[in-house]
Amino acid sequence: MRKSLKAVAAGAACVVAGAALYGAGAATADQSTANSTHEPYNIGQLVKDIDTYYGTTADANGVYQASPDSPYAQDLARIDRDAKRYIDKAARKADHRGEKPAVVFDIDDTLLLSLDYEKRTNYTYNSTTWSDYVNKADRPAVFGSPELVRYAESKGVEVFYNSGLSEAQRAAAVENLKKVGADVNLDADHMFLKDKANPPAYLKDCATAGAWNCTTVQYKSGTRKHIEDDLGYEIIANFGDQYSDLDGGYANRTYKLPNPTYFVS
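An account of the accompanying structure is given in this report.

Structurally, Thr261 is set in the loop between strand 10 (254–256) and strand 11 (263–264). Looking at Thr261, the relative accessible area reads 2%, which means it is buried. At a separation of 2.7 Å, a polar atom in the side chain of Thr261 contacts the side chain of Asn259.

On to the pairing of strand 5 (residues 158–166). Strand direction decides the pairing type here: strand 4 (residues 101–105) and strand 5, joined by four bridges, are parallel. The partner of Ala102 across the bridge, within strand 5, is Glu158. Note that strand 5 and strand 6 (residues 191–194) share three bridges and pair parallel. Residue pairing for strand 6: Tyr161 is matched across the bridge by Met191. The β-α-β motif built from strand 5, the intervening helix 7 (residues 170–180) and the parallel element strand 6 has right-handed crossover chirality.

The contact between helix 2 (residues 43–54) and helix 3 (residues 71–97) brings their axes to 5 Å, and the two run at 55°. It follows that helix 2 is oblique to helix 3 by the angle criterion. Across the interface between the two elements, Thr52, Tyr53 and Tyr54 from helix 2 touch Pro71, Tyr72 and Asp75 from helix 3. A per-class count over the contact of helix 2 with helix 3 returns four nonpolar, one polar and one charged.

Helix length check: helix 2 (twelve residues) gives 16 Å between terminal C-alpha atoms against 16 Å at 1.5 Å per residue, within 8%. Residues of helix 2 that are buried: Leu46, Val47, Ile50, Asp51, Tyr53 and Tyr54. Angular distribution of buried residues about the axis of helix 2 spans 160°; they occupy a single face of the element. Turned more than 90 degrees off the buried face of helix 2, the exposed positions are Lys48 and Thr52. One side-chain oxygen of the residue at the start of helix 2 lies 2.9 Å from the amide nitrogen of Gly44, identifying that residue as Asn42. Following helix 2 by one or two positions, Gly55 adopts a phi angle in the positive range, close to 65°.

What counts as what
Residues numbered from 1 in each chain as written. Predicted model: local features only at pLDDT ≥ 70, side-chain atom pairs only at ≥ 80, totals over all residues. Heavy atoms only, no water. Helix = DSSP H or I, 4+ residues; strand = E, 2+ residues; numbered from the N terminus. Buried < 20%, exposed > 50% of the residue type's maximum accessible area, 1.4 Å probe, protein only. Polar contact = N/O pair within 3.5 Å; in protein donor to acceptor, adjacent residues only side chain to side chain. Pairing = 2+ DSSP bridges. Right-handed = clockwise from strand over helix to strand, strands pointing away. Axes fitted to C-alpha atoms, helices over the stretch in contact; angles between N-to-C directions. Parallel < 35°, antiparallel > 145°, perpendicular 65-115°, else oblique. Contact = heavy atoms within 4.5 Å. Nonpolar A, V, L, I, M, F, W, Y, C, P; charged D, E, K, R; others polar. Expected span 1.5 Å × (residues − 1). Arc of directions from axis to C-beta.

Put into structure tokens, the structure is as follows:
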């Protein structure tokens with residue numbers, strides 16, 4: 001379930017303050033909203049803090065962009081440096097063991113930045129406006145992520161995508177990823193999207209045709225289990241901007257990318 005800024009103001013404030021702590025192994029955290037008599041974090045101030053964190057500015061076309069000099073970009077750069085060192089080491093170890101190493105990437109706000117959508121909708125979610133936005137296939141890259149995708153491929157690591165986007169949004173996702181330079185394994189065998197009408201057999205415990213009951217964790221961890229158990233890969237790293245992208249196992253290491261704009265349970 002995707003929650004708006006208003007629903008998670010207190011939790012998001014902690015995300016802004018702790019963004020520099022994101023990185024390897026950060027797969028769990030207390031993401032619950034405040035439940036006390038203390039006044040929650042002020043939403044107006046939180047929005048200002050988020051803009052400062054991203055270095056948010058509108059470009060010549062009026063599109064809100066993050067600054068490459070922002071604290072957000074600096075946090076991503078630290079994560080990317082650590083991930084590249086780890087991928088290089090893990091890939092060599094997997095090759096020595098005769099394993100097939102793989103990495104898994106979420107898409108929304110892990111590879112493609114949706115800051116402009118969040119700003120324009122005042123950090124609220126609507127399935128229709130979100131679908132229209134995704135289908136424009138014009139989101140900018142999350143800083144460093146396309147390079148990280150290509151780096152993993154260069155080290156002989158198989159790249160997979162595990163996204164909450166729907167099957168109907170596949171063409172737009174592929175087009176957008178190509179635009180930003182993440183043009184690696186964008187076929188249906190490597191990009192797993194939600195197909196609620198015809199869910200895969202490996203999700204049978206929580207989804208059948210026309211009856212999707214999978215939580216985000218069930219869907220994403222079930223897909224990773226499929227990649228490992230059915231396809232025979234060893235997932236050395238899993239990347240996502242939500243803890244629900246990472247929880248549930250089936251990855252040797254997890255990388256939590258910063259995202260203070262929404263929360264997916």
